[in-house]
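Listed below are the residues making up each chain.
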Amino acid sequence: MSMNTKKPKIALMLPGGGARGSYQVGVMKGIMEIFPKNKSPFSIITGTSAGAINAVVLASYANDIHYGTARLEKFWTALRCSDVYRTDGIMIAKTMAKIIGSMFFGKLGIKAPRSLLDNTPLFHYLSKHLHLSQIQQCINNNNLDGLAITASSYDTSVAKSFYQANNTIHAWNRTRRIGIPKTISVEHILASAALPFLFPAQLIGKEYYGDGGLRMSAPLSPAIHLGAEKILVIGTRDENPIPTPKVARDYPSMGELGGYMLDTIFMDTLMADLSRLRRINRTLGLIDEDNKHKTRLKQLDTLIIKPSIDVRDVTQEHAKDIPAPVRRLLKMIGGWGKEWRMPSYLLFEPGYTKALIELGYQDAINKKDKIIAFMRDD
């Protein structure tokens, strides 16, 4: 590569996944072993839900990404369910009583709970452990071009990407998805991580927000608007086909349907967006350079690293670590056992998170050649 060649801007995209977000930490740990330099190779970082938490930590330490990754691993391995949501029996019993009461006595004014779980502990945990002021320092020192956190407005039905970036980045407005310049706060992170039904919506200004994946039809777009020329995605679900059942199963429970919905929010739209980008790349590859410049499209290189095994199998091994009151709640709504989807998002316990970190690390090391090829400057 010649000395005058500009290095491509590489973005790190971290989709959501609840407790599965610990897998992303393991992948980052592997990447850091492959690339020993302290300065982050990612000039752009975007995140949604649990991925937003990881994105903020890594952006805060863009000047020393190895230390940031180590901090992130310590953050996740010390985390417990009680640090994310209330697990006490009294709180869970009240929630269960409200669910039952609203079903039978709704006409008498008994309302269903706002959410199954109360994530107030997460606000205190993030406020204590995050160093958000360092994000702007990294931007000012040219160690980071921009960070974007996406949340979905329940009031306007728009996916809003709150971004903190250098002055070359401008706000964008597309159909039901916009970019808004903001100094990232804990409230933005909680809004992005407000899993529907599980956690309460977050009020910012005059709007209530939920998980960023709810309305984001183009998950890659925030990274592209921030100037990405390459995008590395760390997913939280394997894409191996699930066998067709040989006999009819029981009707899916409320908990199972909730688990399917979370899968859709976090990964289905992302995989569709990646497929769409690849089709655009192939089409642009067939156009000569003169006509290619007449379009507003550009070719983008992408690489996705995702679990090599079904994370639900790991969940089943560690599911017993979920506090007993929460287990009772999940059993009540049919979210316990069978598919293990919903518990896989709620199992914020060291045994589980360490297992996913190790899985992510091994997956990154096994893809070392692909990662090196993707991160090259040419």
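Residues numbered from 1 in each chain as written. Predicted model: local features only at pLDDT ≥ 70, side-chain atom pairs only at ≥ 80, totals over all residues. Heavy atoms only, no water.

Draft legend 1. Expanded view of the overall build of the protein chain. Assigned secondary structure in the protein chain consists of 16 helices and 10 strands. By residue count, 55% of the 378 residues in the protein chain fall in the buried class. For the protein chain, long-range pairs separated by at least 24 residues make up 77% of all intrachain contacts whose partners lie at least 6 apart in sequence. Entry remark: accessible area of the protein chain is about 18,000 Å², with carbon and sulfur atoms responsible for 54%. Distance from the positive charge centre (49 side chains) to the negative charge centre (34 side chains) of the protein chain: 5 Å. (Helix = DSSP H or I, 4+ residues; strand = E, 2+ residues; numbered from the N terminus. Buried < 20%, exposed > 50% of the residue type's maximum accessible area, 1.4 Å probe, protein only. Contact = heavy atoms within 4.5 Å. Areas by Shrake-Rupley, 256 points an atom, 1.4 Å probe, with all protein chains shown as cover. Lys, Arg positive; Asp, Glu negative; His and termini not counted. Charge placed at Lys NZ, Arg CZ, Asp CG, Glu CD.)

Draft legend 2. Quick look at helix H12 (residues 311–318). Among all positions in H12, only Val311, Arg312, Val314, Thr315 and His318 are buried. Burial along H12 is one-sided: seen end-on, the buried residues are contained in an arc of 155 degrees. In this structure, the buried residues of H12 make contact with helix H14 (341–346) and helix H15 (350–366). (Arc of directions from axis to C-beta.)

Draft legend 3. Broad picture of the packing of helix H1 (residues 22–34) against helix H3 (residues 65–77). Between H1 and H3, whose axes approach to 10 Å, the crossing angle comes to 150 degrees. One finds that H1 runs roughly antiparallel with respect to H3. Viewed along their axes, H1 and H3 form a crossing whose handedness is left-handed. Each of Ser22, Val25, Met28, Lys29 and Met32 in H1 lies in contact with H3, whose residues at this interface are Ile65, His66, Thr69, Leu72, Glu73 and Trp76. (Axes fitted to C-alpha atoms, helices over the stretch in contact; angles between N-to-C directions. Parallel < 35°, antiparallel > 145°, perpendicular 65-115°, else oblique. Left-handed = near helix turned anticlockwise from the far one by under 90°.)

Draft legend 4. Summary view of the pairing of strand S3 (residues 146–153). When you tally the buried positions in S3, you get eight out of eight residues, the bulk of the element. Where burial is concerned, the two faces of S3 agree: the one with Gly146, Ala148, Thr150 and Ser152 and the one with Leu147, Ile149, Ala151 and Ser153 are both buried. Sheet analysis places strand S2 (residues 44–48) next to S3, joined by five bridges and oriented parallel. From the neighbouring strand, Ile44 faces S3, where its bridge partner is Gly146. Taken together, the seven bridges between S3 and strand S4 (residues 159–165) define a ladder with antiparallel strand orientation. Residue pairing in the sheet places Thr150 in a bridge with Ser161 of S4. Hairpin geometry of S3 and S4 is characterised by an intervening segment of five residues between the two adjacent antiparallel strands and by a positive phi of about 55 degrees at Ser157. Relative to strand S8 (residues 207–211), S3 runs antiparallel, the two sharing three bridges. (Pairing = 2+ DSSP bridges.)

Draft legend 5. Molecular detail of empty space enclosed by the protein. Using the criterion set out here, one finds four cavities of 30 Å³ or more in the structure. Of the voids in this model, the largest cavity is the one considered here, and its volume is about 120 Å³. For the largest cavity, the lining is made up of 13 residues, of which Ala50, Ile53, Val84, Leu122 and Phe348 are closest to its centre. Within the residue set of the lining of the largest cavity, elements represented by two or more residues are helix H2 (50–60) and H3. Here the lining of the largest cavity is composed, by residue class, of 11 nonpolar, two polar and no charged. Taken as a whole, the second largest cavity encloses approximately 100 Å³ of empty space. Lining the second largest cavity are Met13, Pro15, Gly16, Thr48, Gly212, Gly213, Met216, Pro219, Ile265, Phe266, Thr269 and Leu270. Element by element, the count of residues in the lining of the second largest cavity is highest for helix H10 (residues 254–285), at four residues. Considering only residue class, the lining of the second largest cavity consists of seven nonpolar, five polar and no charged. (1 Å grid on protein atoms, 1.4 Å probe; cavity = no way out; pocket = protein on both sides within 12 Å on 5 of 7 lines; lining within 4 Å. Points joined across faces, edges and corners; volume = space filled by probe spheres on them. Nonpolar A, V, L, I, M, F, W, Y, C, P; charged D, E, K, R; others polar.)

Draft legend 6. Focus on the packing of H2 against H3. Running from amino to carboxyl end, H2 crosses H3 at an angle of 140 degrees, the nearest separation of the two axes being 9 Å. The pairing of H2 with H3 is recorded here as oblique in orientation. Our pair here, H2 against H3, has a crossing hand that is right-handed. Contacts between H2 and H3 pair Ala50, Ile53, Asn54, Val57 and Leu58 from the former with Ile65, Gly68, Thr69, Leu72, Phe75 and Trp76 from the latter. Per-class residue counts for the contact of H2 with H3 are eight nonpolar, three polar and no charged.

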